[in-house]
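# Notes for the structure review
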Amino acid sequence: METPPVIEEAVLDLLRSRAPLARDRAELPDDLRLGSGGLGMDSIALVELLLDCEEQFGIPRPVELLEGEPLTVGRLVAHVRAAMAR
Amino acid sequence: MNGAARWAFDGLESGLARWASRQPRWALGGAALLGRTRNRLSRRWPSPDDVRALFPRLDPRAAARVAWSIGGLEARNRVLADCLRREGLDPLRPLVRGALPPLRPPLLLGTFHAGAVHALGPALERLTGPVLALRHGPLYTPRPPVEIVTTEGDDQRRAAVFQRALDHLRGGCFVVMALDVVPGAGLRVPCLGRTLELARGPFALARLTGAPIRPLVARWQGGGAEVEVGEPRAAGLQGEEIALATAAARWLEDYLRASPAETGLGLLRALLSEEVSPSR
């Protein structure tokens, strides 16, 4: 199984591929929103990112991340890490 | 047209909207007549010149008649929207005639702001399978197999709706959504010698699921509405959103060239706000 830092870097790579504004880790704090007010990903890009996560990590598509609180870098990384640990 | 005349027209239209729940056929017919008259007197929204800018082959008299008809179409649609908000689909169901051609899901039905745009609801109820309709601000609560979800909200909220539509199509169901006149950045494609910005969402859904897109429109005919479904021109083009959007715009162009009076005012404004394309 991948170690947590590797998972985190893989998630961030996916983010960088989908979000033009995604940059180095230092500029991607955990509380940075993926949508408006943050990385500016639109609705289609957000769903494609979840599809990427499903495909790359072999986890159920994390659709619940779209409900409730704003989706942030930290929420996405934590969710993928937890799903892969299950 | 002066303020008193505008006030009188608005008042008459409000009266027709209230009457529409009991006598929808007569109220909607009256609204069309009222809208035609209003346009004829004001020569605005749209003007005959607006119509000719989009359909230059029409002579001035024909353009004026189309402008009156669009005025009537808009008034009828306003009255119907008001009626739907108050009464739901019940008054409208008997007015939507005929059956849809056999449609096999998964299928994405794309609507345009053309013709009797609010009269599509009863036709959707006749589809043979679950239907998820995406709309910016639903007018009424539908009955099964139709479910309407709103696209209002921020990107994350819209992503949740987009995600539902994706699962719906992958589950072999119908999804209905507007292709034109939507907020946000879209796909710019040629239409009627101008540039039309279509929503990217439906074409992205088609790309991600492989489901074909078929145009869906309704038109007022006599005292009722008739629904028309376009051929799935998008089939086989999946993978290229812009190609799918171009095919949809071409279908719309053919439809409106044949029936210019079906051009909704919002669509007409969107087209006229864009520069004439160099290929014209």
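Counting its regular elements, chain B contains nine helices and nine strands. Considering only C-alpha atoms, chain B reaches an extent of 55 × 50 × 35 Å along its principal axes. Within chain B, residue pairs in contact and separated by at least 24 positions form 70% of the contacts whose partners lie at least 6 positions apart.

Once that is clear, we can look at the packing of helix α2 (residues 24-42) of chain B against helix α4 (residues 60-87) of chain B. Geometry of a packed helix pair, given as the angle between the helix axes and the separation of the axes. Residues and elements named next belong to chain B. Look at α2 against α4: their axes get within 7 Å of each other, and the N-to-C directions meet at 140°. When the interaxial angle is binned, α2 and α4 end up oblique. Between α2 and α4 the crossing geometry is right-handed. When α2 is examined against α4, the residues P24, A27, L28, A31, A32, L33, L34, G35, R36, R38, N39 and R40 are found in contact with a partner set consisting of A67, W68, S69, G71, G72, E74, A75, R76, V79, L80 and C83. Along the lines of polarity and charge, the residues of the contact of α2 with α4 split into 13 nonpolar, five polar and five charged.

Our focus in this paragraph is the nonpolar core. Residue and element names in this part refer to chain B. Formed by 108 residues in total, the largest nonpolar core has its most connected members in V79, V175 and A248. Broken down by element, this core gets its largest block of residues, eleven residues, from α4. Apart from residues no more than four positions distant in its own chain, V175 is found in contact with L108, L132, A165, H168, L169 and L205.

Here we take up the interface of chain A and chain B. Where the parts come together, the accessible area they lose is often given as the size of the interface. Across the boundary between the two partners, chain A contributes 13 residues, which contact twelve residues of chain B. Considering only residue class, the side of chain A that touches chain B consists of eight nonpolar, three polar and two charged.

Residues and elements named next belong to chain B. With respect to topology, seven strands assemble into an open sheet ordered β1-β9-β8-β2-β5-β3-β4, the strand pairing being mixed. Each edge of the sheet is formed by a strand with only one pairing partner; in this case those strands are β1 (96-97) and β4 (146-150). Pairing between strand β8 (residues 213-221) and strand β9 (residues 224-229): six bridges, direction antiparallel. Counted as the bridge partner of L216 is V229 from β9. Its contacts with the sheet place helix α6 (residues 155-170) against β2 (107-115), β3 (131-135), β4 and β5 (174-178), and it is angled at close to 155° to β3.

When pLDDT is averaged across chain A, the result is 88; 94% of the residues are at 70 or more. Taking the mean pLDDT of every element in chain A, the minimum, 87, falls on helix α1 (residues 4-18) of chain A and the maximum, 94, on helix α2 (residues 43-57) of chain A.

Let us look at the environment of B:V175. Tracing the backbone shows B:V175 in strand β5. Exposure remark for B:V175: the 27 C-beta atoms within 10 Å place this residue in the buried category.

This paragraph deals with the packing of α2(A) against α6(B). For the pair α2(A) and α6(B), the least separation of the axes is 8 Å and the interaxial angle reads 60°. Relative to α6(B), the element α2(A) is oriented oblique. The element α2(A) and its partner α6(B) pack so that their crossing is right-handed. Between α2(A) and α6(B), the contacting residues are A:S43, A:I44, A:L46 and A:V47 on the first element and B:D155, B:Q156, B:R158, B:A159, B:F162, B:Q163 and B:L166 on the second. The class makeup of the residues in the contact of α2(A) with α6(B) is six nonpolar, three polar and two charged.

This part is about the environment of B:A5. Along the chain, B:A5 falls in helix α1 (residues 3-19). B:A5 sits in the exposed class, given 12 other C-beta atoms within 10 Å.

Attention shifts here to the confidence of the model for chain B. All names here are of chain B. Confidence along chain B averages 91 in pLDDT terms, with 94% of residues attaining 70 or more. Per-residue pLDDT, averaged within each element of chain B, yields its smallest value for β1 (88) and its largest for β5 (97). The ipTM for the predicted assembly is 0.90, set against a pTM of 0.91.

Residue and element names in this part refer to chain B. Burial analysis of β3 places four of its five residues in the buried class, the great majority of the element. Summarising the sheet, β3 and β4 pair through five bridges and their orientation is parallel. Residue pairing across strands places A133 opposite I148, the latter belonging to β4. As paired strands, β3 and β5 are joined by three bridges and run parallel to one another. Among the inter-strand pairings, L132 is bridged to a residue of β5, identified as V175.

This part takes up the pairing of β9(B). Residue and element names in this part refer to chain B. Pairing between β1 and β9: two bridges, direction parallel. Across the sheet, residue V96 finds its bridge partner in β9, namely A225. Where β8 hands over to β9, the hairpin turn is made up of two residues, of which G222 adopts a positive phi near 60°.

Definitions and limits used
- Residues numbered from 1 in each chain as written.
- Chains lettered and ligands numbered in written order.
- Predicted model: local features only at pLDDT ≥ 70, side-chain atom pairs only at ≥ 80, totals over all residues.
- Helix = DSSP H or I, 4+ residues; strand = E, 2+ residues; numbered from the N terminus.
- Contact = placed C-beta atoms within 7 Å.
- Axes fitted to C-alpha atoms, helices over the stretch in contact; angles between N-to-C directions.
- Parallel < 35°, antiparallel > 145°, perpendicular 65-115°, else oblique.
- Left-handed = near helix turned anticlockwise from the far one by under 90°.
- Nonpolar A, V, L, I, M, F, W, Y, C, P; charged D, E, K, R; others polar.
- Core = buried A, V, L, I, M, F, W, Y, C linked by C-beta atoms within 7 Å.
- Buried ≥ 20, exposed ≤ 12 C-beta atoms within 10 Å, placed from the backbone.
- Pairing = 2+ DSSP bridges.
- pLDDT = per-residue confidence, 0-100.

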